[in-house]
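An overview of the molecular structure
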Amino acid sequence: MPSNVVGNTLQSDTILVPADHSASGFYISNAHNYVVGNAASGGWAGIQFPVLPEPADKMLRFNGVVPKDRPALLITGNSVHSSSWFAQNSGAVYEGGSLYWAEDDLESETLIYNAGRVSSERYTRYTKDDNGNDDFFRVYNTTVWLANIGVTGWGKRAEINGFEVSDFQNRAIFVLFTVWMNSVVINCRSSNAHHVPDPGSGSNEKLFNNGKSWSGFFTYDHLMKHILTNWAVSNCGGVARGLSPWVEGGDEDTGNSGFVTIPVNGLAPEVQLVSSGMTYDWDSLGGEEFVNESIFFAASGSDDIYSMQYQSNWEDSDGSWTNRVSATNTSTVMGPARAGYWWHLDSRPGKCEIRDGWKYPQQLCDKDDRHLGSMFTVVMPQVNQQGSAVLAMLDPNANARKTRQGSMTHFGLMGDSSVTTCTPPQTCGETTARSWDPDLTGPYNHEQYGGWYLAFDQGTPTHLSIQKIQLDDDSTMIQAMTLPSGTSSGDISIYAESRSRTYNFASATSLTEVRSSIDKYYYDEATNTLYWRVIAGYVNNDGIYGWIDRADQGVSGFSREGLHVTATTSKNQLQINIKVNCATDVTGAFCETKPSFLVPEMGCPDGQVMVAIDKCGLPCELLQEGCSTPPPTPSPTSAAPTSVEPTTPSCLICSDEATPWMITKNYECPTAPNWLISKKCNKDDIWINSKYCEQSCQAAGFGYHNISCCASAVELME
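Everything numeric here is computed off the predicted structure, so don't read it as measured data.

So, how was this worked out
Residues numbered from 1 in each chain as written. Predicted model: local features only at pLDDT ≥ 70, side-chain atom pairs only at ≥ 80, totals over all residues. Heavy atoms only, no water. Helix = DSSP H or I, 4+ residues; strand = E, 2+ residues; numbered from the N terminus. Buried < 20%, exposed > 50% of the residue type's maximum accessible area, 1.4 Å probe, protein only. Contact = heavy atoms within 4.5 Å. Areas by Shrake-Rupley, 256 points an atom, 1.4 Å probe, with all protein chains shown as cover. 1 Å grid on protein atoms, 1.4 Å probe; cavity = no way out; pocket = protein on both sides within 12 Å on 5 of 7 lines; lining within 4 Å. Points joined across faces, edges and corners; volume = space filled by probe spheres on them. Nonpolar A, V, L, I, M, F, W, Y, C, P; charged D, E, K, R; others polar. Salt bridge = Lys/Arg side-chain N within 4 Å of Asp/Glu carboxyl O.

Helix and strand counts for the protein stand at eleven helices and 45 strands. Its C-alpha atoms give the protein principal-axis dimensions of roughly 110 × 65 × 45 Å. Sorting the 718 residues of the protein into buried and exposed places 56% on the buried side. Contacts spanning at least 24 positions in sequence make up 70% of the contacts within the protein whose residues lie at least 6 apart. Here the protein displays about 29800 Å² of accessible surface, and carbon together with sulfur accounts for 48% of that area.

Have a look at this one:
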């Protein structure tokens, strides 16, 4: 089986039980049993829990029992070895594979078996307790060795508590959806068996001794809500892989695998991974430098995909996964370095770093009081519950993941309006590109400053729907986009929609008013910029719009060990619809007149500058020495003042000091970009007060005074 998507095996005269297509040591069709203290060797899987939407016995098929959703009584103390070597994504413990009758096969004539994942609710495990409430599929205290993958699971909710895996050929763990993985021990290669003699001749079997191919933890590409706690890792370094330069004479590492491997050819995820309590056996890993080496963090997939190249994220809540210590004792947020400033949360010294030694470099920043959020932003009309139908109107053959839709930029940055900026796998700058996938995820706390500026290459959408929202309660998310010149307030309509009930937003008089409300928008006609706020909201039966009642609506989130992943609202629970009345292009989905690209300013008080995506501060906060060094005090002089006739100098000696922000970007005044000099110099209060780039501004015709700057002190004396 090359992947988790495979063809069906049908019952026939020669195949009485189609599930025998992937025979396993223990094949448990109903988890509502005690599975304790067993040992399995060999098989498609050692222990398999297939998905049965109905009993496989045709005499019992319509008795109302849903085997796939029954809770386990107790699954603990089991072990598996030498198993799951015959497929790419099957595990020694395998919660997957579906055995079922087709819904229209009312006579129950043909059983159907699919060994992989069938992505529909009928063929996915939705564990329920005895009262019909959502529950978790729980597996405890399991040991696996000499396997393809330790555990694979496609179920909606699972707990893997106490799991030890060693000597695997592909991945230690590969699971989907909402999962708590606690007390996991990964020993990638036993110390006495780095290479297994004659593992087999199959394509998957031969991978075992290929140190370039395996991953300790391989994440899924989306739909993940994982909490990872109390893991222990050993023997997963370069020596265990047998690669150069860790092993003299070893193979060069030309693979795309790491201890952690993230696929980048799929959808952008929800806020997906929260972790704590990682411990490393440094001696077996080659020392603490292991977390900085190329083999620690990698990406798998095509380099021409936009979405996850720029939008995956991970919260290391105690810094133990990355071995990073925060000065403020806060979580570390990891986001792709390729995304540029999108994941560069804070420009102050020590707040962010880039692990550029990794195969898939990540930006690591202090989370502080920020949140991580996600949502769909769909240019309407929509294809079912997924992306936009408009791309097919523009290009019927286009691939949504490979086609750029537009960009996103944090308020306060200059941004880049080019439609070719940071084409994957290029690294982005201040503006980050995004595809036609509707997913959008990133950091935010816009209570006082900041916001997300959205731009669309085709122009302003006539109808933008924001849905499937994953935001923390009472948090502030501000978004903006530019409308065509000439648009008036009367051309704008914003309303929330829940199960066909609607609530109209009111027009505000300022962005500050939008930040402090949940149901207002602001249109700045001077810049043609529309601002709105996004919440995880709900329009109730009485027509009142407010934060969703999570318990009442079944979106309570997921918490374990003090860590939390926020739940996502459904499209039916909330859409925020933004409509603009304008002359349209041929698709009817965009305004015919394209707007300017104009990222909103940060709005910092006089004397302050943008120091983070959501904070203003003194310019000295951006310097390595900070603001602790007092300005020098002039030396007193005893000489009596003398009276001299005032003269008007022919020129002034000017400084040419770069701003703290320019220093972080390695810009110098004489070679600064023209757009920066022309926009800032004598047009920005902070630059004017501090006379930044005084000499260069004067030379460019944007000086702070009427007298020219001297080329040297000699010129002043002449």
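What follows covers the layout of surface pockets. If you add up the space inside the largest pocket, you get close to 1500 Å³. In terms of lining, the largest pocket is formed by 44 residues, of which the most central are Tyr126, Lys156, Thr178, Lys225 and Thr568. Sorting the residues of the lining of the largest pocket by element identifies β13 (177-187), β15 (224-229), β27 (371-379) and β30 (439-444) as the ones contributing at least two each. The residue inventory of the lining of the largest pocket, partitioned by class, reads 14 nonpolar, 19 polar and eleven charged. The space that makes up the second largest pocket amounts to roughly 620 Å³. In this structure, the second largest pocket is lined by 26 residues; those nearest its centre are Gly412, Met610, Lys680, Asp684 and Ile686. Secondary-structure elements contributing two or more residues to the lining of the second largest pocket are β44 (609-612), α8 (674-680) and α9 (685-690).

Glancing now at the pattern of salt bridges. This structure, assessed with the given rule, holds 31 salt bridges. In this structure, Glu353 engages Arg324 in a salt bridge whose closest nitrogen and oxygen atoms are separated by 3.1 Å. With a gap of 29 residues between them, Glu353 in strand β25 (residues 352-355) and Arg324 in the loop between β23 (314-316) and β24 (332-336) connect regions that are remote in the sequence. Glu353 gets classed as partly exposed once you look at its relative accessible area, which sits at 29%.

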